[in-house]
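# Architecture at a glance
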Amino acid sequence: METRYRRGAGQGDHRRVTRLLLRAFALAAAVDLASLAADWDIGHLVAKPLLMPLLAAYAASRGAPRLLIAALLCGWGGDVLLLFDADPAFLAGMASFAAGHVCYIVLFQKHGTDIATVRARGGFLAVVYTVMLSTTIQSLWPDLPADLRVPVAGYSVLLTVMAYLAAARMGRVAGIGGVLFVLSDTLIASGVADWDQLPRPDLWIMLTYVAAQSLLVTGALGERRLPGAAYGEVRSTTP
């Protein structure tokens, strides 16, 4: 009886920590987006670096695979580097996000749905994402700085493969997250290419980015083929 009580108390404490981390992430996201909407730079500088560590801590509290945590921490590295307005920082930030996409790609291939399901929907999705990639690169290429064309094209390939696998192997929620990630980074690239921007472009970039990472995590944590042990959901049947 005492052992069962202690186990139940420990599980309750763990759930409270998980909820607290999720709320902290939601608060940081709200502060960041509100700061961008109000053009309050200090709020953005403080809140943005907190986003991915908090989301990673939440995912870790759910027993997420290391690859998912690594992808989020690579996103954190990119977030911090892109706060600096310099070409080397931009390239380093892009490299950090690219590493995150590699982590997502390996995770989705390792833990995604069975191959029969992928074949059923993968062909159509492959065509859609290939057209999207080629159209984006062809449109941006002439207007990008010459030294950024190849890095942006290479990054776009990784981003698109990640988004495709999220949709093909991880389901609708993660698939929407992948699409939003593509949209967010396309908005960044269009700014680098000096295209006309929406009012407060940073707000739309962060809104789509935060939603993308959140949905990718939600989709990965909810994917039925991920091992229960990896998520801390294997419960003892001993009284």
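Right above here is the structure, for reference.
Presented here is an overview of the structure given in this document.

The rules behind these values
Residues numbered from 1 in each chain as written. Predicted model: local features only at pLDDT ≥ 70, side-chain atom pairs only at ≥ 80, totals over all residues. Heavy atoms only, no water. Helix = DSSP H or I, 4+ residues; strand = E, 2+ residues; numbered from the N terminus. Contact = heavy atoms within 4.5 Å. Areas by Shrake-Rupley, 256 points an atom, 1.4 Å probe, with all protein chains shown as cover. 1 Å grid on protein atoms, 1.4 Å probe; cavity = no way out; pocket = protein on both sides within 12 Å on 5 of 7 lines; lining within 4 Å. Points joined across faces, edges and corners; volume = space filled by probe spheres on them. Nonpolar A, V, L, I, M, F, W, Y, C, P; charged D, E, K, R; others polar. Axes fitted to C-alpha atoms, helices over the stretch in contact; angles between N-to-C directions. Parallel < 35°, antiparallel > 145°, perpendicular 65-115°, else oblique. Left-handed = near helix turned anticlockwise from the far one by under 90°. Salt bridge = Lys/Arg side-chain N within 4 Å of Asp/Glu carboxyl O. Buried < 20%, exposed > 50% of the residue type's maximum accessible area, 1.4 Å probe, protein only. Patch = residues over 30% accessible without salt bridge, like charges linked within 9 Å, V, L, I, M, F, W, Y side chains within 5 Å. Phe/Tyr/Trp six-rings, centres within 6.5 Å; stacked < 30°, edge-to-face > 60°.

## Section: the overall build of the protein
From N to C terminus, the protein includes eight helices and zero strands. In sequence order, the protein lays out its α and β elements as α-α-α-α-α-α-α-α. Considering only contacts within the protein whose residues lie at least 6 apart along the sequence, 74% involve residues at least 24 apart. With the model as given, the accessible surface of the protein reaches about 12700 Å², and the carbon-plus-sulfur share is 66%.

## Here we look at the layout of surface pockets
Within this model, the largest pocket holds a volume of roughly 820 Å³. Looking at the largest pocket, it is lined by 33 residues, and the ones nearest its centre are Lys-48, Leu-82, Ile-188, Asp-202 and Ile-205. Put simply, the parts of the chain that give the lining of the largest pocket at least two residues each are α1 (2-37), α2 (41-61), α4 (87-111), α7 (172-192) and α8 (201-222). Within the lining of the largest pocket, the residues separate by chemical class into 19 nonpolar, five polar and nine charged.

## Concerning empty space enclosed by the protein
The full count for this structure, using the stated rule, is two cavities of 30 Å³ or more. Space inside the largest cavity adds up to approximately 250 Å³. Together, 19 residues line the largest cavity, and Tyr-155, Leu-159, Asp-185, Thr-186 and Ala-189 are the ones closest to its centre. Elements that contribute at least two residues to the lining of the largest cavity include exactly α4, α5 (115-140), α6 (146-170) and α7. Residue composition of the lining of the largest cavity, by class: 13 nonpolar, five polar and one charged. As a volume, the second largest cavity reaches approximately 40 Å³. Every residue lining the second largest cavity is listed: Ala-71, Gly-75, Phe-97, Gly-100, His-101, Tyr-104, Phe-181 and Gln-213. With four residues, α4 is the largest single contributor of residues to the lining of the second largest cavity.

## Some remarks on the packing of α7 against α8
α8 packs onto α7 with a crossing angle of 155° between their chain directions and a minimal axis gap of 7 Å. It follows from the interaxial angle that α7 and α8 lie roughly antiparallel. Note that α7 runs across α8; the crossing there is left-handed. Between α7 and α8, the contacting residues are Val-173, Ala-174, Ile-176, Gly-177, Gly-178, Leu-180, Phe-181, Leu-183, Ser-184, Leu-187 and Ile-188 on the first element and Trp-204, Ile-205, Thr-208, Tyr-209, Ala-211, Ala-212, Gln-213, Leu-215, Leu-216, Thr-218 and Gly-219 on the second. Split into classes, the residues belonging to the contact of α7 with α8 amount to 15 nonpolar, seven polar and no charged.

## What about the pattern of salt bridges?
If you walk through the whole model with that rule in mind, you get one salt bridge. Where Asp-13 meets Arg-16, a salt bridge forms, and the shortest distance between an N and an O atom there is 2.1 Å. Pair noted here: Asp-13 and Arg-16 are both in helix α1, with a separation of three residues, about one helical turn. Of the residues examined, Asp-13 reaches a relative accessible area of 40% and is grouped as partly exposed. By relative accessible area, which is 48% here, Arg-16 ends up partly exposed.

## Some points on a nonpolar patch on the surface
On the surface, Trp-40, Ile-42, Val-46 and Leu-50 cluster together into a nonpolar patch covering about 420 Å² of accessible area. When you line up the elements, Leu-50 lands in helix α2.

## Focus: the packing of aromatic side chains
Taken as a whole and assessed by the stated rule, the structure comprises five aromatic pairs. Between Tyr-104 and Phe-108, the ring centres sit 5.5 Å apart and the planes meet at 25°, which makes this aromatic pair stacked. Taken together, the residues Tyr-104 and Phe-108, both in helix α4 and four residues apart, mark about one turn of the helix. Note on Tyr-129 and Tyr-164: the rings are 6.2 Å apart at their centroids and 70° apart in plane angle, and the pair reads as edge-to-face. Of this pair, Tyr-129 sits in helix α5 while Tyr-164 sits in helix α6; the two residues are 35 residues apart in sequence, bridging distant segments of the chain. Owing to a relative accessible area of 6%, Tyr-129 belongs among the buried residues under this scheme. An aromatic cluster is present here, built from Phe-97, Phe-181 and Tyr-209 joined pairwise through their rings.

Read these as spatial facts, not as claims about activity.
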